[in-house]
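Below, each chain spelled out in residue letters.
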Amino acid sequence: MTIPYTAKIHHAIFFIFFLFFLTGCNAKEEPLTQTGFYFDTIIQVTLYDEKKAGCLDDCMELAEKYEKMLSPSLEGSDIWKINHSSGTPVTVSDETIYLLKTALAYCEMTDGQIDITIEPLNSLWDFHADPSSSAVPDNDGQDSRLPDKKAIAEALTHVDYHSVVIDGNTVTLQDPQSAVSLGFIAKGYIADKMKEYLLSQNVENAIINLGGNLLAVGTKPDGSPYQFGIQKPFDKHGAVITVLPVNDLSAVSSGVYERYFYQDDVLYHHILNPQNGYPIQNELLGVTILSDSSMTGDALSTTCFVLGLDKGMALIESLDHVEAVFITIDYELHFTSGMKTP
């Protein structure tokens with residue numbers, strides 16, 4: 001589903017983690033934008049050349065293509081077929097194989113703290129209701145928002161990325177009750193593909209926003225950087241905690257304030273620990289990654305959150321052309337050494 005582009009943007013329509021400031025543009029360089037709903041989130045592509053307006057439709061077609069390929073909930077997608085294969089081999093596209101192999105490399109790197117077979121656990125948790133609401137006790141007096149402990153224990157027996165076997169373009173789940181999800185990496189890959197397409201069409205200035213995964217193409221038309229604001233965790237008014245100038249880079253965040261709920265004054269958020277079935281608890285509120293590749297940033301934002309401040313910081317410092325900002329529970333900002341702090 002797409003919403004036709006308009007000639008001007010007067011305010012940000014929807015961002016999960018970032019606010020995007022359209023400032024410093026001349027009137028003749030007013031942005032064009034198109035918005036759609038894919039991957040269960042609002043996406044938006046913005047560019048500045050009226051002659052390239054047709055590229056916006058093409059970007060939405062790319063979004064639809066990859067949703068049909070990678071969505072775990074869309075019947076007939078590669079991921080849906082793998083998860084409903086009952087353990088039989090499934091033949092999938094080259095791109096799905098590439099993403100699965102890349103995702104499995106992160107599983108190995110984190111020794112299973114990232115696990116693409118976490119879907120049986122994800123399905124037990126409901127983070128879509130009002131995050132500030134309290135759970136209503138069920139008939140047994142239990143908190144209905146919290147999964148049953150026995151159900152979590154059962155789901156954990158089916159979380160093991162080693163059960164994913166790839167042979168050429170064939171994928172087999174050795175545990176028929178397992179299920180894979182590429183949610184921590186897919187949107188970044190799709191953003192990279194959109195940027196690749198825009199560059200092939202000689203688009204020099206654009207912003208791709210896939211539900212908060214932001215990717216800048218070049219700079220603003222006047223040569224100044226885009227300004228990406230990192231959302232202050234839990235701020236109801238969308239205030240920013242810091243603003244990053246970004247040229248031709250991806251900015252991706254993961255944090256406890258994306259999807260969450262409180263129960264008995266305890267915060268439960270959507271980033272789950274595949275080793276115990278409950279949300280990660282490690283003194284972090286969020287991580288933002290700046291990188292050339294949005295797929296890399298997408299994967300690393302979750303990976304670094306899971307690893308925690310010290311190990312996550314060490315990982316980023318070991319990589320070239322990648323920087324990060326960590327937000328700890330005291331709302332302190334921790335920048336990697338290559339960042340120019342505001």
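Our structure's up above, just so we're on the same page.
Residues numbered from 1 in each chain as written. Predicted model: local features only at pLDDT ≥ 70, side-chain atom pairs only at ≥ 80, totals over all residues. Heavy atoms only, no water.

### A closer look at the side chain of N213
Alright, step 1. Summarising the element assignment, N213 is placed in strand β9 (residues 213–217).
Alright, step 2. Given the relative accessible area of 2%, N213 is considered buried.
Alright, step 3. In terms of polar contacts, N213 uses its side chain to reach the side chain of D298, at 3.2 Å.
Alright, step 4. Leaving out residues up to four positions away in the same chain, N213 has contacts with K187, G188, I208, A251, V252, S294 and D298. (Helix = DSSP H or I, 4+ residues; strand = E, 2+ residues; numbered from the N terminus. Buried < 20%, exposed > 50% of the residue type's maximum accessible area, 1.4 Å probe, protein only. Polar contact = N/O pair within 3.5 Å; in protein donor to acceptor, adjacent residues only side chain to side chain. Contact = heavy atoms within 4.5 Å.)

### Here we look at the nonpolar core
Alright, step 1. Membership of the largest hydrophobic core comes to 86 residues, with the highest contact counts inside it found for I82, I116, L182, M194 and L198.
Alright, step 2. Among the elements that line this core, the one with the most residues is helix α1 (residues 54–70), at nine residues.
Alright, step 3. In contact with L182, other than residues within four places in its own chain, are L70, I79, L99, L100 and A103. (Core = buried A, V, L, I, M, F, W, Y, C linked by side-chain atoms within 4.5 Å.)

### Remarks on the sheet that holds strand β7 (residues 170–173)
Hydrogen bonding along the main chain pairs the strands of a sheet, whether they run parallel or antiparallel.
Alright, step 1. Sheet architecture is open: three strands sit in the order β5-β7-β6, paired in antiparallel fashion. Each edge of the open sheet carries a strand with a single partner, namely β5 (90–91) and β6 (164–167).
Alright, step 2. Judged from the two bridges that link them, β5 and β7 form a sheet pairing that is antiparallel. Of the residues in β7, the one forming a bridge with T91 is T170.
Alright, step 3. Sheet strands in contact with helix α3 (residues 94–109) are β6 and β7, and its direction is about 135° off that of β6. (Pairing = 2+ DSSP bridges. Axes fitted to C-alpha atoms, helices over the stretch in contact; angles between N-to-C directions.)

### Here's the deal with the pairing of strand β13 (residues 260–263)
Alright, step 1. Two strands pair when backbone bridges link them, and β13 and strand β14 (residues 266–269) are joined in this way by four bridges, in the antiparallel orientation. Within the sheet, the bridge partner assigned to F261 lies in β14 and is Y268.
Alright, step 2. Adjacent in sequence and paired antiparallel, β13 and β14 are bridged by two residues, among which D264 carries a positive phi angle near 55°.

### Let's talk about unusual backbone geometry
Alright, step 1. Positive phi values are uncommon outside glycine, yet D248 reaches one of about 55°.
Alright, step 2. In this structure, D248 sits in the loop between β11 (240–246) and β12 (250–255).
Alright, step 3. Phi at E283 takes a positive value of approximately 75°, unusual for a residue other than glycine.
Alright, step 4. In this fold, E283 is placed in the loop between β14 and β15 (284–291).
Alright, step 5. Residue E283 is classed as exposed on the basis of its relative accessible area of 53%.

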